[in-house]
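# Results of the structural survey
Take a look at the letters that make up each chain.
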Amino acid sequence: EEYNRFLDTLGINVSEFFRDADVFESFRKDVLLEIIEKKKASNQKIIRIWSAGCASGEEAYSLAILLKETLGDEIKNFMLRIWGTDIDRESLNNTQVAEYPKASLKEMDPKLIEKYFKPLPGEMFKLSDEIRNMAKFSPHNLVNEPILMLCSKGSSTSMQTASASVSEWTSRVIRPEASGPLSPQPTRWQGVGRLPLTRACPGTGQASRRSSSTESM
C-alpha cells in the first residue's frame, strides 16, 4: 500500500481526451495516414499502438477514436491493437468503467462527444462500448520492461536515470519504421525527447532518430 501511494505521488495522473490536440492532429496527418496507406499497399492491415503511461485510459481511447474517425467504414478491414499501460493499477481500474468527468473532454469536438459518449448524472460521461473494446490495458513498468510507441505522459514524469534506460531499450524493440510523437510538455531535466523514433510530429519541439531495431512492434 505504501509503495502504491509512492507511485501515485510520483506520477502526475492528469490526463484528458485529445490532450494537446495539435499533437494528435499532426500524428494523424503526418504519421497515421501514411501508415494506413502503407498497410493497404502491403495488404498487411494490422496497426499496433502502445500508449505508455496511459493513466485512466484517456490517451489510449483518444487513439481509438482517432483511428475510428480516420478509417471510417474501412475500419472493418483492419486489425487494430491498442495497448494502454501504466504503473498505477488504481488508474487502470478506471479504464474498465470508462466513465469520465466533463473536464476530461474539454479538448474534444462536441460532435465526437455526442457520437462516442453517453451523458450521466453529475456531469460524467460514459464511453461507448464500441471504442472501449478497441483498447486493452495492463500494468507495466517502463523502467523494468520499457517499450514505447506513444508516451506523452511517461516521458515527462520519469526520473533521469530511468529515462536513459527507457531510451536505450526502446531502440532495441521498436521496428525501424515505427513512429510516434514525443511529449510537448516541459520535462524535469535536460535532454529528454530524443527517444529513438523514426520521426516526431511537427510542432512538438522534439528531436528524433531512426531506431536500429528490426523486431516487430
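Throughout this document, residue positions are counted from 1 along each chain, in the order its sequence is written. Under the rules for a predicted model, residues below a pLDDT of 70 receive no local features and side-chain atom pairs below 80 are neither given nor counted, while totals for whole chains, interfaces and linings still include all residues. As a rule here, side-chain values cover all heavy atoms of the structure and leave hydrogens and water aside.

## Quick notes on the sheet that holds strand β3 (residues 99-101)
- Only when DSSP finds a minimum of two bridges between them are two strands counted as paired. The secondary structure listing takes helices from DSSP runs of H or I that are at least 4 residues long and strands from runs of E that are at least 2 residues long, numbered from the N terminus. Reading across the sheet, the three strands line up as β3-β5-β4 and stay open at both edges, with antiparallel pairing between neighbours. Two strands lie at the open edges of the sheet, namely β3 and β4 (117-120), each paired on one side alone. Within the sheet, the average angular offset between the axes of one strand and its neighbour, ignoring direction, is 35°.
- Across four bridges, the pairing between β4 and strand β5 (residues 124-127) is antiparallel. Bridge pairing in β5 links Leu 120 to Met 124. For helices, the fitted line uses only the C-alpha atoms of the stretch in contact; every axis is such a line through C-alpha atoms, and the angle between N-to-C directions lies from 0 to 180 degrees.

## A look at the environment of Leu 71
- Inspection of the secondary structure puts Leu 71 in helix α3 (residues 58-71).
- For every residue, the accessible area obtained with a 1.4 Å probe (protein chains only) is divided by the maximum for its type, and the residue is called buried under 20%, exposed over 50%, and partly exposed between those limits. For Leu 71, a relative accessible area of 4% gives the class buried.
- Between the C-alpha atoms of Leu 71 and Ile 36, which are 35 residues apart in sequence, the distance is 8.3 Å.
- Any two residues having at least one pair of non-hydrogen atoms within 4.5 Å are treated as being in contact. Not counting the four nearest positions on each side in its chain, Leu 71 is found in contact with Ile 36, Phe 78 and Leu 80.

## Some details on the pairing of strand β2 (residues 79-86)
- By the bridge criterion, seven bridges tie strand β1 (residues 46-52) to β2 in an arrangement that is parallel. When the bridges of β2 are listed, Ile 46 appears paired with Met 79.
- Crossovers are marked right-handed if the path from the first strand over the helix to the second runs clockwise, as seen with the strands pointing away from the viewer. Handedness of the crossover joining β1 and β2 through α3: right-handed.
- Bridge analysis of β2 against strand β6 (residues 135-139) gives five bridges, and the strand direction is parallel. Bridge pairing in β6 links Ile 82 to Ala 135.

## Notes on the packing of aromatic side chains
- Any pair of Phe, Tyr and Trp rings, taking the six-membered ring for Trp, is counted once the centres come within 6.5 Å. Such a pair is stacked with planes under 30 degrees apart, edge-to-face with planes over 60 apart, and tilted for the rest. Following the criterion strictly, the structure yields five aromatic pairs and no others.
- Ring centres 4.9 Å apart and planes at 90° place the aromatic pair Phe 17 and Tyr 100 in the edge-to-face group. Taken together, the residues Phe 17 in the loop between α1 (2-10) and α2 (21-42) and Tyr 100 in strand β3 connect sequence positions 83 residues apart.
- Grouping aromatic residues by their ring pairs yields a cluster made of Phe 17, Tyr 100 and Phe 117.

## Some remarks on unusual backbone geometry
- In this model, Phe 18 sits at a positive phi of 55°, which is unusual for a non-glycine residue.
- Classification of Phe 18 by relative accessible area gives buried; the value is 10%.

## Quick word on the pattern of salt bridges
- A pairing counts as a salt bridge when a side-chain nitrogen of Lys or Arg comes within 4 Å of a carboxyl oxygen of Asp or Glu. Counted under the stated rule, the structure contains nine salt bridges.
- With its nearest N and O atoms 2.8 Å apart, the salt bridge here joins Glu 25 to Arg 28. Here Glu 25 and its partner Arg 28 are both found in helix α2, three residues apart, which amounts to about one turn of the helix.
- Exposure remark for Glu 25: the relative accessible area of 32% places this residue in the partly exposed category.
- Note on Arg 28: relative accessible area 23%, which makes it partly exposed.

## Quick word on the nonpolar core
- Membership of the largest hydrophobic core comes to 37 residues, with the highest contact counts inside it found for Tyr 61, Ile 65, Leu 67, Met 108 and Phe 117.
- Contacts of Tyr 61, omitting those with residues within four sequence positions, involve Phe 17, Thr 95, Ala 98, Tyr 100, Leu 127, Ile 131, Arg 132, Ala 135 and Phe 137. Residues belong to one nonpolar core when they are buried, are Ala, Val, Leu, Ile, Met, Phe, Trp, Tyr or Cys, and are joined through side-chain atoms within 4.5 Å.

## Quick word on α2
- Over its 22 residues, α2 runs 30 Å from end to end, which matches the ideal 32 Å to within 8%, given 1.5 Å per residue.
- For a residue, the bend is simply the angle between two axes, fitted respectively to the seven-residue segment ending there and the seven-residue segment starting there. Bending of α2 peaks at approximately 40° at the position of Arg 28.
- Within α2, the full set of buried residues consists of Val 23, Phe 24, Ser 26, Phe 27, Val 31, Leu 32 and Ile 36.
- Of the residues trailing α2, Asn 43 is marked for its positive phi of about 60°. To estimate the expected span of a helix, count its residues, drop one, and scale the result by 1.5 Å.

## Remarks on the confidence of the model for the protein chain
- With 59% of its residues at a pLDDT of 70 or more, the protein chain has an overall mean of 74.
- Of all secondary-structure elements in the protein chain, the lowest mean pLDDT belongs to helix α7 (residues 154-157), at 46, while β5 reaches the highest, 98.
- Taken as a whole, residues 154-167 scores under 50 in pLDDT and shows 27 contacts with residues more than four places along the chain or in a different chain. pLDDT expresses how confident the predictor is about each individual residue, on a scale running from 0 to 100.

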